[in-house]
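Okay, here's what each chain looks like letter by letter:
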Amino acid sequence: MGIVIRQSLKASVGSYIGVGIGIINQLYVSLAFLSEDQLAISRLLLENSMLFAAFAHLGTPFIADRFFGYFRDDKTRNNGFLGFLLAFPLIGIGLFVAVYLGFEQQIKDYFAEKSAKLIPYHILVIPFTIFWIYISVLEAYCRNNARIAIPTFVREVYLKLANVLVILMFGLGWYSFDWMIYLVVGIHGLAVVILLFYIYQLGKFSLQFDFSQLKGGLFRQMLYFGLFIVMGGVGTQVVYFIDRTMLSGGVGLKDAAIFIIATYIAGIIEIPRKTITQISTPLVSNSLRQNDMAHVQELYHKSSLNQLLAGGFVFLLIWANIDSIFSILPKAEIYSQGKMVVLLLASAKLFEMATGVNGEIINYSRYFRYATYLMIVMACLAIGANSYFIPRYGINGAALATTITTLIFALSKVGMVWIFFRILPFTFSGVKAVAVLALVYGVSLLLPEWGGSFWLTLLSIAVRSLILAGLFAALVLWLRVSEDVNGLVGSLWGRVQTFRRR
């Protein structure tokens, strides 16, 4: 797990720069320059394209993770495996385009009553989806070549910064909202070009894939694995994204916009999981392939603990300052209605993080088909729960539906890993982590809050956060909650001492 922490730290730099840009974009620029309807339209196009990409790529990114070892060879640029990874999704893209255009009228009818303003832009989901497919595929190829920093930078910094600039120029009146949407789609296409160029610069670019290598039933295994995983991937995207689509169709774009902003705030706690999982996935896959269950268990335990610490810390800072955060947002009186959504979704996400890399363990083992069955059930549960709760409780109902689905999903994965491998993610160190988080939160209730102006409120958030961060770090290190964290701090301190002696 030490390598996971070190590699994740490097990728986290780009991720948290992206978080900073994302916060500026989502919580200020977008709110200041876009109406609620415009914000909802732009986000729904993005998120629906990610939903469709989850099945249109036919599981190609996951095939790369699971089967890359069969083609790894630096001398031959991995036997041109990149060529296969770029060609295989074309089948799914063709099917997706045919189905989407075939149901175009039904899509228009669904949004016609409550969200008619979305209809003129819905066709842009097609190129948006294609770009997301290849971003995911190229990231997977880079990941398996032990290169995650630049792909992370492209996704977390370039895309978010470009999006900020596009919205700012729209806000300044340089072009219409239509052109803003076209440019948002275009910057994702440019991201694909950037990743291809990066792979070329690494010396890993080759499209000369020898299809004779897919012998001995290997292609059948890859296809079977990919199709099963893609069914699970669709379920995952449905669980996490169907709520805002159902809100827009059933309640309206304004409520969808409030929900989207609250979801964004809650989703900040997931940044550490994304980076830890990104580097853990090849390690989990390789350990399972070698039947090294001791290493799998180590990854499972440490991912659970470190994700709980990182996610819990971010959740703590957000919830300790939640009223101040909402008060400084543009149109605060509208978007502060999402406070309960933040609490419900962030709590569910934190619990899911605390269960570690259970999804990766299942997906890259011989039991991967059970993850697909589970995701199909979860997708049905998500649709049913949203259908029940949204008409009754609006945005809070959507949050409650997603929370229930997420908790059942996380517990189900823990149960599966226990049944199949007899290992659990939780350790005594996790209990210490929860105790530290509870203690620090208790201290946050005693700290004063200042308000009255934007800068005073911002200063209040900064001071409170610094005090809580210092206390949290001190307790984690003193109680030795995580050996990885203590080891990392010790290593950094040793380097500082060595530098001083020079």
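The structure presented is a predicted model; accordingly, all values stated were derived computationally and were not measured. (Residues numbered from 1 in each chain as written. Predicted model: local features only at pLDDT ≥ 70, side-chain atom pairs only at ≥ 80, totals over all residues. Heavy atoms only, no water.)

1. Side note on the confidence of the model for the chain
No. 1: Of the residues in the chain, 91% have a pLDDT of 70 or more, and the chain-wide mean is 84.
No. 2: Within the chain, the lowest mean pLDDT, 71, falls on helix α1 (residues 2–33), and the highest, 94, falls on helix α16 (residues 339–354). (pLDDT = per-residue confidence, 0-100. Helix = DSSP H or I, 4+ residues; strand = E, 2+ residues; numbered from the N terminus.)

2. Observations concerning the pattern of salt bridges
No. 1: With the rule as written, the count across this model stands at 15 salt bridges.
No. 2: Its salt-bridge partner being Lys339, residue Asp323 comes within 2.9 Å of it at the nearest N-O pair. Pair noted here: Asp323 is in helix α14 (residues 322–327) and Lys339 is in helix α16, with a separation of 16 residues, a long-range link.
No. 3: Classification of Asp323 as partly exposed rests on a relative accessible area of 45%. (Salt bridge = Lys/Arg side-chain N within 4 Å of Asp/Glu carboxyl O. Buried < 20%, exposed > 50% of the residue type's maximum accessible area, 1.4 Å probe, protein only.)

3. Topic: the side chain of Asn306
No. 1: Considering the arrangement of structural elements, one finds Asn306 in helix α13 (residues 293–320).
No. 2: By relative accessible area, which is 6% here, Asn306 ends up buried.
No. 3: There is a polar contact of 2.9 Å between the side chain of Asn306 and the side chain of Ser482. (Polar contact = N/O pair within 3.5 Å; in protein donor to acceptor, adjacent residues only side chain to side chain.)

4. What about the packing of aromatic side chains?
Ring pairs (aromatic) are described by centroid distance and by the angle formed between their planes.
No. 1: Summed over all chains, the structure comprises 19 aromatic pairs.
No. 2: Ring geometry for Phe52 and Phe96: centres 5.4 Å apart, planes at 35 degrees, overall tilted. Taken as a pair, Phe52 in helix α2 (residues 36–56) and Phe96 in helix α5 (residues 89–102) lie far apart in primary sequence, 44 residues in all. For the pair formed by Phe52 and Phe96, the shared burial category is buried.
No. 3: Their ring planes at 75 degrees and their centres at 5.6 Å tell us that Phe52 and Tyr100 sit as a pair that is edge-to-face. Of this pair, Phe52 sits in helix α2 while Tyr100 sits in helix α5, and the two are 48 residues apart along the sequence. Of the two residues, Phe52 and Tyr100, both sit in the buried class.
No. 4: A network of ring pairs unites the aromatic residues Tyr367, Tyr370, Tyr373, Phe420 and Phe421 as a single cluster.
No. 5: Against the face of Tyr388 rests Arg392, its NZ or CZ located 3.8 Å from the ring centre.
No. 6: Directly above the aromatic system of Phe409 lies the positively charged group of Lys413, at a separation of 4.1 Å from the ring centroid. (Phe/Tyr/Trp six-rings, centres within 6.5 Å; stacked < 30°, edge-to-face > 60°. Lys NZ or Arg CZ within 6 Å of the ring centre and 35° of its normal.)

5. Side note on a nonpolar patch on the surface
No. 1: A contiguous nonpolar patch, built from Trp418, Ile419, Leu424 and Phe426 and spanning about 410 Å² of accessible area, is present on the exposed surface.
No. 2: Along the chain, Trp418 turns up in helix α18 (residues 368–421).
No. 3: When its relative accessible area of 38% is taken as the criterion, Trp418 is described as partly exposed. (Patch = residues over 30% accessible without salt bridge, like charges linked within 9 Å, V, L, I, M, F, W, Y side chains within 5 Å. Areas by Shrake-Rupley, 256 points an atom, 1.4 Å probe, with all protein chains shown as cover.)

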